[in-house]
Amino acid sequence: MKKIAVIGSGTMGNGIAHVFAQHGFLVSLIDISETALQKALQTISKNLDRMIAKGNLTETQKDDALQHIKTTTDLMTGVSEADLIVEAATENVELKLKIFQELDMYAKTEAILATNTSSISITKIAAATKRPAQVIGMHFMNPVPVMKLVEVIRGYATSDAVTQTIMDLAIKLDKVPTEVNDYPGFVSNRILMPMINEAIYTLYEGVAGVNEIDTVMKLGMSHPMGPLQLADFIGLDVCLYILKVLHDGFGNPKYAPCPLLVNMVQAGHKGVKSGSGFYSWQHGTKDLIVADRFKKSLKS
Ligand SMILES: NC(=O)c1ccc[n+]([C@@H]2O[C@H](COP(=O)([O-])OP(=O)(O)OC[C@H]3O[C@@H](n4cnc5c(N)ncnc54)[C@H](O)[C@@H]3O)[C@@H](O)[C@H]2O)c1
C-alpha cells in the first residue's frame, strides 16, 4: 500500500494527510474548496515546523513530507490511483453516501474505502457501494499528528483481511489501532458523549457551576480537561448530533440530549468555533472565562 487519497482537507483531513505523508506514503488530498486545500497545506507546514522546533523532525524530513502531498478538487483524478481512500469530509449522512457511491465508481476495484466518521454507521455507508467487504471505519482523533489512537470500526460486512490491513497500516503510522464493532457511537463516542451530556445536566440542574464541574473532573479524575471545556472544543452542535445518533440508534432515554445543550445550539452558542459555549472564547483559547450565562447558577 503506497498511494493514499484523503477526501476533505479540514481539521481532520489535513492531519490525516500530514501523518501519511510523514510516513512516506504518497497522498492525494481532495476537497471541493481550493481555499480549504491551500489552508490545509499551510496548517500541515506549520505543524511540521512545530515538530522541528521540538527536535522531532528535520527540515529535510519536512520538505520530503510536503513533497508527498498533491492536492486536487477533482474527486475522480484524485482517487483513481489510490490503494486506500480515507474520507474525512463534513459529517453529513447524505454527503457521505454520495461520496461513497462515487468512490465505488472511480476507485480501483481492490482499493479499500475508509471513513473517519465520528458517528455515522459504517454498515450504512458500506451499503452505498458494491464492495461492502472493503469498507471500514478508520477513526483518527483530533489533533491527528499528536493523538495515538485509531479506532478501527468493522462494518457488518467488513472482511477480516481488510480489517487486518488497516490495523497493520495504523501501526506503520506509529498509531495504536483498536478494533471495535459498528454500533452507534462505536466505543469512543458511546462513552464520551454520555459523560459530556451528564456534565451538562449537572450544570442544568444547578448542582455546580462550569468551573466546579470541570475542576472536579480534571483534578479528581486526572482528565486533561473538564467535560464542558472538551464539549466547547468538539463543538456543541457536534455533541448534540452524536447524542441524537445514540438516542435514535439505541432508543434508550438515557442518551436523550440535555435541554440546555439543545437550547445552546439553537441559540448559536456552539463553543470555540462560535466564540462562546460554556466558556467565552473571544480572547483566545487560554482564557477559560465562564460565559456570562453561567456566571450565576442557572436556577437562580
Ligand atoms: N473535528 C474532530 O474533532 C473530529 C474527530 C474525529 C472525527 N471527525 C470526523 O471527521 C470528518 C471531518 O471532520 P472535520 O472536523 O475535519 O470537518 P471540517 O468541517 O473541518 O472539514 C470538512 C472538509 O470537507 C470538505 N468537503 C465537504 N464536502 C466535500 C466533498 N464532497 N468532497 C470533498 N471535500 C468535501 C469541506 O470543504 C471541508 O474542508 C467528519 O466525519 C467528522 O465527524 C472529526
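Residues numbered from 1 in each chain as written. Predicted model: local features only at pLDDT ≥ 70, side-chain atom pairs only at ≥ 80, totals over all residues. Heavy atoms only, no water.

Digging into the site of the ligand
Taken together, 21 residues are adjacent to the ligand, and Met-12, Asp-31, Glu-91, Lys-96 and Ser-118 come closest. With respect to the ligand, the backbone of Met-12 contributes an N or O atom lying 2.8 Å from an oxygen atom. Here an oxygen atom of the ligand sits 2.7 Å away from a polar atom, N or O, in the side chain of Lys-96. Among the elements that line the shell around the ligand, the one with the most residues is helix 5 (residues 93-106), at 3 residues. Of the residues belonging to the shell around the ligand, the class tally is 9 nonpolar, 9 polar and 3 charged. (Near = heavy atom within 4 Å. Polar contact = N/O pair within 3.5 Å; in protein donor to acceptor, adjacent residues only side chain to side chain. Helix = DSSP H or I, 4+ residues; strand = E, 2+ residues; numbered from the N terminus. Nonpolar A, V, L, I, M, F, W, Y, C, P; charged D, E, K, R; others polar.)

Topic: the domain arrangement of the chain
In terms of domains, the chain is made up of domain 1 (3-181) and domain 2 (189-294). For domain 1 versus domain 2, the separation of C-alpha centres amounts to 28 Å. Tallying the contact residues gives 6 residues for domain 1 and 4 residues for domain 2. For the pair domain 1 and domain 2, the two sides together bury roughly 350 Å², of which 54% comes from carbon and sulfur. It is Glu-91, Ser-118 and Ser-119 in domain 1 that bury the most area against domain 2; as a group they hold 75% of the surface buried on that side. Applying the counting criterion to the domain 1 and domain 2 interface returns 0 salt bridges. For the pair domain 1 and domain 2, the number of links is 1 residue pair in polar contact (both at pLDDT 80 or more). (Domains from an automatic or database assignment. Contact = heavy atoms within 4.5 Å. Buried area = accessible area lost by both parts, 1.4 Å probe. Salt bridge = Lys/Arg side-chain N within 4 Å of Asp/Glu carboxyl O.)

Things to note about the layout of surface pockets
Estimates place the volume of the second largest pocket at around 220 Å³. Lys-3, Val-27, Ser-28, Gly-78 and Glu-81 are, among the 15 residues lining the second largest pocket, the residues nearest its centre. Its residues assigned to classes, the lining of the second largest pocket shows 5 nonpolar, 7 polar and 3 charged. (1 Å grid on protein atoms, 1.4 Å probe; cavity = no way out; pocket = protein on both sides within 12 Å on 5 of 7 lines; lining within 4 Å. Points joined across faces, edges and corners; volume = space filled by probe spheres on them.)

Digging into the environment of Ser-9
Looking at the element boundaries, Ser-9 is found in the loop between strand 1 (3-7) and helix 1 (11-22). You can call Ser-9 buried: its relative accessible area is 3%. A sequence separation of 81 residues divides Ser-9 from Thr-90, and the C-alpha atoms of the two residues are 9.8 Å apart. When sequence neighbours within four positions are dropped, the list of residues in contact with Ser-9 reads Asn-14, Leu-29, Ile-30, Asp-31, Ala-36, Leu-37 and Ala-40. Here the side chain of Ser-9 touches Ala-36 through a polar contact of 3.3 Å, landing on its backbone oxygen. (Buried < 20%, exposed > 50% of the residue type's maximum accessible area, 1.4 Å probe, protein only.)

So, the packing of aromatic side chains
Applying the stated criterion across every chain, the model contains 7 aromatic pairs. A ring pair is formed by Phe-20 and Phe-140, whose centres lie 6.4 Å apart and whose planes are at 70°; its orientation type is edge-to-face. Pair noted here: Phe-20 is in helix 1 and Phe-140 is in strand 6 (residues 135-140), with a separation of 120 residues, a long-range link. The exposure class of Phe-140 is buried, given its relative accessible area of 2%. (Phe/Tyr/Trp six-rings, centres within 6.5 Å; stacked < 30°, edge-to-face > 60°.)

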